[in-house]
Amino acid sequence: MHIDVFPTAGGADQEALAGKTVLIIDVLRATSTITTALANGAAAVLSVLTIDAAREAAACLPPGTFLLGGERKALKIPGFDLDNSPRQYTREAVAGKTIVMTTTNGTVAIKKALPAAKLLIASFLNARAVAREAWQRGTDIYLLCAGTRNRFSLDDAACAGMLVNYLQEMEPQARLGDLAFTLRQLYLSHQEDLPHLISHASHYQRLVDLGLEADIAYCLQQDIYHVVPWLDKEQNLIVL
Ligand code: 3SL
Ligand code: MG
């Protein structure tokens, strides 16, 4: 088994992803939010690239069955029901609903990984469950960090390092690519205080400036959910 990491959505090689198990990581905040929505009983998440595409998709769904969610510049999109704060995606808000979602980086990464044989949604919140599912599939694994506007993002990288570490515990003979090896070392060096490491991420600071420290604390919780969101390509929906 070969395990490697792409550090940004823009840098991902779609030919390399084809036929592999691909884990999408956008800790702050898209994959944390998708994981939370499905853990809290949302029927599905429909990930789209643009605000117009979200509105068009919603127009095809029966009234009362969906919520529009996501962000631009980390803020709620005018006319949408929810922003991209995972803490808004409570059971009361989302149970039974399809979430039509567009975000700046996370939904771009999901789109980029469509050639994958299996696309899984990963975050600190569900890392061990996702690693186990990926390992059980037995194929090569790519971790695709969303990054922030096509730049390396420390929050995603730290989570990738944790996932690589879990995977190597499960498959000690796994061959790690250079970045997988490096991010595992990063994780192992900082595992006792990941919030401090991640506080150096530029997007961390952006969220702090917006008063969203509670979102950050929420997203950095480890393994509180055991759900493994995956993309059902036939329906084009992320489901459990
Ligand atoms: O870029 C994204 O997909 C978002 O998760 C970023 S934000 O934290 O909601 O601003
Ligand atoms: Mg991010």
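It should be noted that the structure appears before, not after, this text.
Every chain is numbered on its own, with residues counted from 1 as its sequence reads. In the order they appear in the text, chains get letters beginning with A and ligands get numbers beginning with 1. Per-residue local features of the predicted model are confined to residues with pLDDT of at least 70, and side-chain atom pairs are confined, for both listing and counting, to 80 or more; whole-chain, interface and lining totals are unaffected and use all residues. Side-chain measures here rest on the full set of heavy atoms in the structure, leaving out hydrogens and waters.

## Let's talk about the coordination of the magnesium ion (ligand 2)
Stage number 1. All of the protein donors around the magnesium ion (ligand 2) are Asp-26 (OD) and Leu-28 (O); their distances to the metal are 2.1 to 2.4 Å. Of the two residues, Asp-26 and Leu-28, neither departs from the other in class, the shared state being buried. Here the term donor refers to an N, O or S atom within 2.8 Å of the metal (or 3.2 Å for Na, K and Ca), and because water is left out of the atoms, sites may appear incomplete. With a 1.4 Å probe rolled over the protein chains alone, any residue whose accessible area is under 20% of its type maximum counts as buried; one over 50% counts as exposed, and the rest are partly exposed.

## What about the environment of Tyr-142?
Stage number 1. Here a helix means four or more residues in a row that DSSP labels H or I, a strand means two or more in a row labelled E, and each is numbered from the N terminus. Looking at the secondary structure, you find Tyr-142 in strand 7 (residues 141-145).
Stage number 2. With 118 residues separating them along the chain, Tyr-142 and Ile-24 place their C-alpha atoms 8.7 Å apart.
Stage number 3. A contact between two residues is defined here by any heavy atoms of the two lying within 4.5 Å. When near neighbours in sequence (up to four residues on either side) are disregarded, Tyr-142 contacts Asp-4, Val-5, Phe-6, Ala-16, Leu-17, Lys-20, Thr-21, Val-22 and Leu-23.

## A closer look at the packing of aromatic side chains
Stage number 1. The aromatic pairing rule takes the rings of Phe, Tyr and Trp, using the six-membered ring of Trp, and pairs them if the centres are within 6.5 Å, calling planes under 30 degrees apart stacked, those over 60 edge-to-face and the rest tilted. The full count for this structure, using the stated rule, is 1 aromatic pair.
Stage number 2. Consider the rings of Phe-6 and Tyr-142, whose centres lie 5.1 Å apart with planes at 20 degrees: the pair is stacked. Residue Phe-6 is located in strand 1 (residues 2-6), and its partner Tyr-142 is located in strand 7; the two are separated by 136 residues in the primary sequence. With respect to burial, Phe-6 and Tyr-142 carry one shared label: buried.

## A look at helix 3 (residues 51-59)
Stage number 1. Those residues of helix 3 not exposed but buried are Ala-54, Ala-57 and Ala-58. The buried side chains of helix 3 occupy one side of the element, clustering within an arc of 100 degrees when seen end-on. When the buried face of helix 3 is taken as reference, the exposed residues oriented beyond 90 degrees from it are Asp-52, Glu-56 and Ala-59. When we speak of the arc, we mean the arc of directions from the helix axis to the C-beta atoms.

## Here's the deal with the site of ligand 1
Stage number 1. In this text, near means that some heavy atom of the residue lies within 4 Å of the molecule or strand in question. Of all residues adjacent to ligand 1, which total 13 residues, the nearest are Asn-84, Thr-103, Asn-105, Gly-106 and His-203.
Stage number 2. Within the contact set of ligand 1, an oxygen atom lies 2.9 Å away from a backbone nitrogen or oxygen of Ala-30.
Stage number 3. Within the side chain of Asn-105, one N or O atom sits 2.6 Å away from an oxygen atom of ligand 1.
Stage number 4. Notes on ligand 1: free accessible area 290 Å², of which the protein chains cover 99%. Nitrogen and oxygen atoms within 3.5 Å of one another constitute a polar contact, given that in protein one can donate a hydrogen and the other can accept it, and given that sequence-neighbouring residues count only through two side-chain atoms. All accessible areas in this document rest on Shrake-Rupley with a 1.4 Å probe, and a residue is counted as covered only by the protein chains that are shown.

## Comments concerning the pattern of salt bridges
Stage number 1. Any Lys or Arg side-chain nitrogen found within 4 Å of a carboxyl oxygen on Asp or Glu counts as a salt bridge. In this structure the tally under the stated criterion is 2 salt bridges.
Stage number 2. One salt bridge connects Asp-215 with Arg-29, and the closest N-O pair in it is separated by 2.7 Å. With Asp-215 in helix 11 (residues 213-219) and Arg-29 in the loop between strand 2 (21-25) and helix 2 (30-39), this pair connects stretches of sequence that are 186 residues apart. For the pair Asp-215 and Arg-29, a shared accessibility class is recorded, and that class is buried.
Stage number 3. Because the salt bridges share partners, they merge into one network encompassing Arg-29, Arg-87 and Asp-215.

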